[in-house]
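# Overview (structure and organization)
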Amino acid sequence: MCTWDTSVANSATTPSWPDTSKPCAASATAWARDEHVVAPGSLASRLMLAQVLVLVASILTAGLVALFVGPPLFHQHLLEAGHPANSPELTHIEQAYRDASVVSLGVALLIALVCAAGVTWHITRRLQAPLLVLTDAARELSRGHLATRVPESGSGPEFDTLGSAFNRMAGQLQQTEDTRRRLLSDLAHELTTPITTLKLCCEGLREGVTVWDEDTDRVITEQTDRLARLTKDIKDVSRAEEGRMALEPEVVPVSELIRSAAHAQRETFSRHHINLVTEADSASGLAVNVDRRRMGQVLDNLLDNALRHTPPDGSVRLFARQSGNEVEIIVADTGEGIPPDQLAHIFERFYRGDTARDRDRGGSGIGLTISRAIIDAHGGGLTGASEGPGRGATFTVALPISPKTPHRAPPPPTQH
């Protein structure tokens with residue numbers, strides 16, 4: 001019975017590929033090599049029938065040509081060689097020619113049939129081996145063994161292309177399944193705290209231990225808001241990781257993106273006593289071809305992340321600059337900073353350097369993941385940097401500069 005490497009990684013690491021040189025590939029090849037019975041309707045029987053028909057047609061054609069063309073030509077040559085027309089030897093020679101032709105064609109037909117059978121056997125064995133491996137792999141894949149892969153058969157570029165297409169399909173299915181499993185695990189983990197909190201509040205209210213006051217209202221509102229935000233973030237990150245994020249790109253001035261993001265967050269920053277410094281003029285004349293709504297989501301996530309990690313009286317700076325053929329939109333804060341050992345994980349889903357602290361601040365843990373996925377979909381990049389704890393953090397969005405200059409309509413005349 002065929003066995004496959006069906007181990008599916010439960011993390012974001014690349015899945016290990018099975019050793020496809022054994023055992024299924026080997027067993028299928030051995031079966032194809034040792035099987036001598038040509039089943040009716042099989043590939044081997046159809047190839048054999050086709051070759052037999054071609055051979056029979058060829059022999060019949062050669063026989064008819066030899067029957068109607070050969071004897072008159074042979075007779076003419078005998079007469080030219082000096083044989084009398086009514087000579088008994090002439091009749092005997094012509095009969096010998098016809099018999100030799102028939103025997104030669106018959107022997108040629110038998111030899112051709114044997115050669116055709118050998119060639120058919122060899123070709124069908126060569127074709128059946130990769131087909132059987134692919135069939136077994138498809139069967140294993142249908143049973144949920146998503147780590148199944150097929151090796152290169154060496155039977156030709158067509159089969160190698162088919163095998164590569166199968167492996168890509170299996171890889172995409174495995175990636176989707178891994179994403180689903182991780183999302184379920186992460187979702188269960190993230191839902192535990194708000195659901196437990198809401199349950200305790202409800203039990204306290206029902207038993208009279210807790211009364212509905214300002215604190216109770218605040219706790220329930222925060223936890224329900226967190227559940228709603230988590231649901232939206234899960235939907236966004238699953239779409240992004242599976243490449244299903246729809247974009248509506250348009251040429252947008254970078255200064256407009258900066259002003260819009262700052263305007264949406266300024267009141268929140270003021271309420272937390274954090275200074276939001278924007279430099280929209282630093283991107284004067286620069287434009288990018290982006291989805292305006294998605295880019296607003298990215299900048300909101302970056303500013304919200306900076307807000308949660310910057311203490312009161314700190315500052316967050318939002319500006320842009322040109323770097324070669326790209327424009328860099330930068331969010332820099334004077335907050336807690338990021339330790340070097342955590343810097344490589346900040347874009348992982350649900351990763352938190354300080355889990356308890358970030359939960360208290362309301363972060364879902366996937367804002368940066370969503371932001372990077374959106375920027376990747378735009379053909380850009382999102383990176384993070386920090387000089388260490390207490391020295392702030394800097395996040396840089398790099399996007400290609402649009403060669404088109406956006407058309408700006410003139411402002412309407414002022415009404416007096």
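Every chain begins its residue count from 1, and numbering advances along the sequence as written. Per-residue local features are limited, in this predicted model, to residues with pLDDT of at least 70; the limit for side-chain atom pairs, both in listing and counting, is 80 or more; totals at the level of whole chains, interfaces and linings are taken over all residues. Here the side-chain values reflect all heavy atoms present in the structure, with hydrogen atoms and water set aside.

Naming follows an unreviewed UniProt entry, where the protein chain appears as histidine kinase of Ammonicoccus fulvus. UniProt positions are given in the numbering used here, feature names are shortened, and annotations may be inferred rather than shown by experiment. Turning to the protein chain, the UniProt record has this under Subcellular location (unreviewed entry): "Cell membrane".

## Digging into unusual backbone geometry
Non-glycine residue histidine 273 carries a positive phi angle of around 60 degrees. Runs of H or I in DSSP of at least four residues are treated as helices and runs of E of at least two as strands, each being numbered from the N terminus. Relative to the elements of secondary structure, histidine 273 occurs in the loop between α7 (254–271) and β2 (275–279). Residue burial is assigned from relative accessible area. The probe radius is 1.4 Å, only protein chains are included, and a residue is buried under 20% of its type maximum, exposed over 50%, and partly exposed in between. Its relative accessible area of 55% is what places histidine 273 among the exposed residues. In this structure, aspartate 313 is a non-glycine residue whose phi angle is positive, near 70 degrees. Looking at where aspartate 313 falls in the secondary structure, it is placed in the loop between α8 (292–308) and β4 (315–323).

## Some details on the side chain of threonine 396
Looking at where threonine 396 falls in the secondary structure, it is placed in strand β7 (residues 394–400). Those residues in contact with threonine 396 that sit more than four places away from it in its chain are Glu328, Ile329, Ile330, Gly381, Leu382 and Thr383. Contacts are assigned to residue pairs that have any heavy atoms within 4.5 Å of one another.

## Regarding the sheet that holds β2
Two strands are counted as paired when DSSP detects at least two bridges linking them. Across the sheet, which stays open at both edges, the five strands sit in the order β2-β4-β5-β7-β6 with mixed pairing between neighbours. The open sheet terminates on both sides in strands that have one partner only, identified here as β2 and β6 (381–385). Between one strand axis and the next, the sheet turns through 15 degrees on average, direction left out of account. For β2 and β4, the ladder comprises five bridges, and the chain directions are parallel. Lines fitted to C-alpha atoms define the axes, with helix axes restricted to the stretch in contact, and inter-axis angles between N-to-C directions lie between 0 and 180 degrees.

## So, the nonpolar core
Ranked by internal contacts, the top residues of the largest apolar core, which has 44 residues, are Val254, Ile329 and Val397. Going through the elements one at a time, α6 (214–241), α7, β3 (287–291), α8, β4, β5 (326–333), α11 (367–377) and β7 are the ones with two or more residues in this core. Counting residues per element, this core draws most heavily on α8, at seven residues. The contact partners of isoleucine 329, leaving out residues within four places of it in the chain, are Val254, Leu257, Met295, Leu299, Leu318, Phe319, Ala320, Phe395, Thr396 and Val397. Counting residues in hydrophobic clusters, the runner-up holds eight residues, among them Leu134, Leu141, Phe166 and Ala170. Definition of nonpolar core: a set of buried residues of the types Ala, Val, Leu, Ile, Met, Phe, Trp, Tyr and Cys, connected through side-chain atoms within 4.5 Å.

## Comments concerning the packing of helix α3 (residues 70–80) against helix α4 (residues 88–142)
Look at α3 against α4: their axes get within 10 Å of each other, and the N-to-C directions meet at 145 degrees. With respect to the hand of their crossing, α3 and α4 are arranged in right-handed fashion. Facing Gly70, Pro71, Phe74, His75, Leu78 and Leu79 of α3, the residues of α4 in contact are Leu90, Ile93, Glu94, Tyr97 and Arg98. Its residues assigned to classes, the contact of α3 with α4 shows seven nonpolar, two polar and two charged. Two helices crossing with the near one rotated counterclockwise from the far one by less than a right angle form a left-handed crossing, whereas a clockwise rotation gives a right-handed crossing. Residues are grouped as follows: Ala, Val, Leu, Ile, Met, Phe, Trp, Tyr, Cys and Pro are nonpolar; Asp, Glu, Lys and Arg are charged; all remaining types, including Gly, are polar.

## A look at the environment of cysteine 202
Its place among the elements puts cysteine 202 in helix α5 (residues 157–207). Along the primary structure cysteine 202 and threonine 216 are separated by 14 residues, whereas in three dimensions their C-alpha atoms are 9.9 Å apart.

## Structural notes on the pairing of β3
For β3, the buried fraction is high: four of the five residues fall into the buried class. Of the pairings in the sheet, the one linking strand β1 (residues 249–253) to β3 comprises five bridges and is antiparallel in character. Paired with valine 251 across the two strands is asparagine 289, which belongs to β3.

## Quick notes on a negative patch on the surface
Negative charge collects at one region of the surface, where Asp213, Glu214, Asp215 and Asp217 lie side by side. Structurally, aspartate 215 is set in helix α6. Residue aspartate 215 is classed as partly exposed on the basis of its relative accessible area of 47%. Patches in this entry comprise residues that are over 30% relatively accessible and not in a salt bridge; like charges within 9 Å are linked, as are nonpolar side chains (Val, Leu, Ile, Met, Phe, Trp, Tyr) within 5 Å. All accessible areas in this document rest on Shrake-Rupley with a 1.4 Å probe, and a residue is counted as covered only by the protein chains that are shown. Salt bridge criterion: a side-chain nitrogen from Lys or Arg within 4 Å of a carboxyl oxygen from Asp or Glu. For the purpose of charge, His is not counted, nor are the chain termini; Lys and Arg are scored as positive and Asp and Glu as negative. Think of each charge as sitting on NZ of Lys, CZ of Arg, CG of Asp or CD of Glu.

## Quick notes on the state of the cysteines
Two cysteine sulfur atoms form a disulfide, by the criterion used here, when they sit within 2.5 Å. A full pass over the atoms with the stated rule returns zero disulfides. The thiol sulfur of cysteine 202 is not disulfide-bonded, and the nearest other cysteine sulfur, from cysteine 201, lies at 6.9 Å. With a relative accessible area of 43%, cysteine 202 lands in the partly exposed category.

## Describing the pattern of salt bridges
All chains considered together, the criterion is met by 10 salt bridges. Aspartate 304 is the partner of arginine 308 in a salt bridge, and the nearest nitrogen-oxygen pair spans 3.2 Å. In this pair, arginine 308 and aspartate 304 both sit in helix α8, four residues apart, roughly one turn of the helix. Residue class for aspartate 304 comes out partly exposed when judged on its relative accessible area of 31%. Note that glutamate 328 and arginine 321 form a salt bridge whose closest N and O atoms lie 2.9 Å from each other. You can call arginine 321 partly exposed: its relative accessible area is 44%. Linked through salt bridges whose partners overlap, the residues forming this network are Glu250, Glu256 and Arg292.

## Some words on α3
Every buried residue belonging to α3 is among Gly70, Pro71 and Leu78, and all of these are buried. On an axial view of α3, the arc spanned by its buried residues comes to 90 degrees, and they lie on one face. Looking one or two residues past α3, glycine 82 carries a phi angle of roughly 105 degrees, positive in sign. In this description, the arc belongs to the directions extending from the helix axis to the C-beta atoms.

## Description of α7
Expected helix span is taken as 1.5 Å per residue step, with the number of steps being one fewer than the number of residues. Taking 1.5 Å per residue as the helical rise, α7 with its 18 residues ought to reach 26 Å, and the 26 Å between its terminal C-alpha atoms agrees with that figure. Two axes enter the bend calculation: one fitted to the seven residues ending at the residue in question, the other to the seven starting there, and the bend is the angle between them. The sharpest bend along α7 reaches about 45 degrees and sits at glutamine 265. Here α7 has its buried residues at Val254, Ser255, Leu257, Ile258, Ala261, Ala262, Gln265 and Phe269. The inward-facing, buried residues of α7 contact β1, β2, β3, α8, β4 and β5. Phi turns positive one or two residues past the end of α7, at histidine 273, with a value near 60 degrees.

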